[in-house]
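Close look at the chain arrangement
Below, each chain spelled out in residue letters.
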Amino acid sequence: MSKVDAFRALHRGRTPDDPLVLPGPWDAASARVFVEAGFPALATPSAGIAASLGHEDGSTPADEMFAAVARIARAVDVPVSADVEGGYGLAPKELVERLLEAGVVGCNLEDSNGGVLKDPHEHAEWLAEVRYAAGGRLFVNARVDTFSHGDGYPERAIERAALYVAAGADCIYPIGAPTDVLPLLRSGIQGPINVHGLLDGKGPSPTELGELGATRITFGPGLQRWAALALQGMAGQLRKQK
């Protein structure tokens with residue numbers, strides 16, 4: 001079985017109490033740590049990689065992002081999906097080629113630009129072109145930004161999701177969706193749903209998110225920021241030892 005087929009299989013037949021948890025590595029070392037811990041696949045966060053490269057979120061040059069993603073994919077044997085934001089203005093064919101050259105099996109593509117939602121029909125057409133260029137070689141996670149940059153109405157998110165699924169998206173990511181609307185989104189969206197998980201212990205656990213309707217859980221730059229805080233503590237201890 002190919003890596004992309006294995007990655008697709010991880011999204012199928014999951015029970016509500018067992019969502020797919022995908023840690024977000026920001027470099028090769030963190031990717032190896034997650035794989036050694038037993039995670040079957042990874043999903044890179046654009047913001048986490050940006051921080052590791054010294055950029056603000058959303059300002060990483062495309063060449064640097066693809067190079068970082070490629071280093072991560074080369075470092076591990078498990079499937080890796082990459083957050084490539086809005087596609088960096090690349091034509092669908094070139095975007096697909098660069099993702100495949102980087103060695104990833106999937107991508108996260110958002111439907112906003114500069115904090116403004118894209119026209120859903122135009123974005124769906126673009127996603128359809130990505131799907132056509134990729135064929136079955138990439139798992140496409142279509143991010144829906146209604147809750148972060150739109151009016152926050154679940155019905156709008158469901159409408160966008162339907163267009164993106166029809167265009168060939170494999171999974172829908174309603175980023176920022178409140179947990180109390182997840183059951184409604186689950187009932188209105190076909191196929192897998194990606195939900196953002198929290199690491200502070202205050203939000204629902206991955207199992208609880210699965211029971212609310214999530215198929216898979218990702219953490220954005222949360223793990224990179226968590227690691228930075230841990231390193232901050234170690235640096236403070238090191239200073240005290242002088």
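Here the structure is a predicted model, which is why all the values come from computation and not from measurement.

A few words now on the side chain of S112. Note on placement: S112 falls in strand 5 (residues 112–113). Side-chain polar atoms of S112 contact the side chain of D145, separated by 2.4 Å. In this view, S112 contacts L117, K118, R143, D145 and H149; residues no more than four positions away in its chain are not counted.

On to helix 3 (residues 46–53). For helix 3, the full list of buried residues reads S46, A47, G48, I49 and A50. Contact partners of the buried residues in helix 3: strand 2 (42–44), helix 4 (62–75), strand 3 (80–83) and helix 11 (222–240).

Okay, the state of the cysteines next. Counting across every chain of the model gives zero disulfides. Just so you know, C107 is unpaired, no disulfide at all, and the nearest cysteine sulfur is the one on C171, 11 Å from it. Overall, C107 belongs to the buried group, its relative accessible area being 0%. C171 sits in the buried class, given a relative accessible area of 1%.

This brings us to the packing of aromatic side chains. The final tally for this structure, using the stated rule, is three aromatic pairs. For the ring pair F7 and F139, a centre distance of 5.2 Å and an interplane angle of 85° mean the geometry is edge-to-face. One end of the pair, F7, is in helix 1 (residues 3–10); the other, F139, is in strand 7 (residues 139–143), with 132 residues separating them in the sequence. For the pair shown, F7 and F139 are each scored as buried. Judged by centre distance (6.3 Å) and plane angle (75°), the ring pair of W26 and F34 falls under edge-to-face. Each of the two residues, W26 as well as F34, counts as buried. The ring centre of W126 lies 5.6 Å from the NZ or CZ of K118, which sits over that ring.

Here we come to the pattern of salt bridges. It is possible for side chains of opposite charge to pair when their charged atoms get near one another. The final tally for this structure, using the stated rule, is nine salt bridges. Here D170 makes a salt bridge to R131, at a shortest N to O gap of 2.3 Å. In this pair, D170 is assigned in the loop between helix 8 (154–166) and strand 8 (171–173) and R131 in helix 6 (residues 120–134), connecting sequence segments 39 residues apart. The class of R131 is buried, set by a relative accessible area of 15%. Residues joined in a network through salt bridges with shared partners are R8, R131 and D170.

The parallel open sheet is built from three strands, whose spatial order is 1-10-9. In this open sheet, the two strands that pair with only one neighbour each are strand 1 (20–21) and strand 9 (194–196). In the sheet, strand 1 pairs with strand 10 (residues 216–218) via two bridges, with the strands oriented parallel. Bridging across to strand 10, L20 finds its partner in R216.

Time to look at the sheet that holds strand 7. One open sheet holds the five strands; their spatial order is 2-3-4-7-8, and the pairing between them is parallel. In this open sheet, the two strands that pair with only one neighbour each are strand 2 and strand 8. Along the sheet, successive strands turn relative to each other by an average axial angle of 20°, direction set aside. Strand direction decides the pairing type here: strand 2 and strand 3, joined by three bridges, are parallel. When the bridges of strand 3 are listed, A43 appears paired with S81. Running at roughly 165° to strand 4 (residues 106–110), helix 6 makes contact with strand 4 and strand 7 of the sheet.

Moving on, we get to the packing of helix 3 against helix 4. The relative placement of two packed helices comes down to the angle between their axes together with the axis-to-axis distance. Here helix 3 crosses helix 4 at 100°, and the two axes come no closer than 11 Å. The pairing of helix 3 with helix 4 is recorded here as roughly perpendicular in orientation. Each of S46, I49 and L53 in helix 3 lies in contact with helix 4, whose residues at this interface are E64, M65, A68, V69, R71 and I72. Its residues placed into classes, the contact of helix 3 with helix 4 shows six nonpolar, one polar and two charged.

Our next topic: unusual backbone geometry. For residues other than glycine, phi is negative in most cases, and the peptide bonds are mostly trans. A positive phi angle, close to 50°, is found at E85, a residue other than glycine. Locating E85 in the fold gives a position in the loop between strand 3 and helix 5 (92–102). Phi angles above zero are rare outside glycine, and Y88 is one such case at about 55°.

Criteria and thresholds
- Residues numbered from 1 in each chain as written.
- Predicted model: local features only at pLDDT ≥ 70, side-chain atom pairs only at ≥ 80, totals over all residues.
- Heavy atoms only, no water.
- Helix = DSSP H or I, 4+ residues; strand = E, 2+ residues; numbered from the N terminus.
- Polar contact = N/O pair within 3.5 Å; in protein donor to acceptor, adjacent residues only side chain to side chain.
- Contact = heavy atoms within 4.5 Å.
- Buried < 20%, exposed > 50% of the residue type's maximum accessible area, 1.4 Å probe, protein only.
- Disulfide = S-S within 2.5 Å.
- Phe/Tyr/Trp six-rings, centres within 6.5 Å; stacked < 30°, edge-to-face > 60°.
- Lys NZ or Arg CZ within 6 Å of the ring centre and 35° of its normal.
- Salt bridge = Lys/Arg side-chain N within 4 Å of Asp/Glu carboxyl O.
- Pairing = 2+ DSSP bridges.
- Axes fitted to C-alpha atoms, helices over the stretch in contact; angles between N-to-C directions.
- Parallel < 35°, antiparallel > 145°, perpendicular 65-115°, else oblique.
- Nonpolar A, V, L, I, M, F, W, Y, C, P; charged D, E, K, R; others polar.

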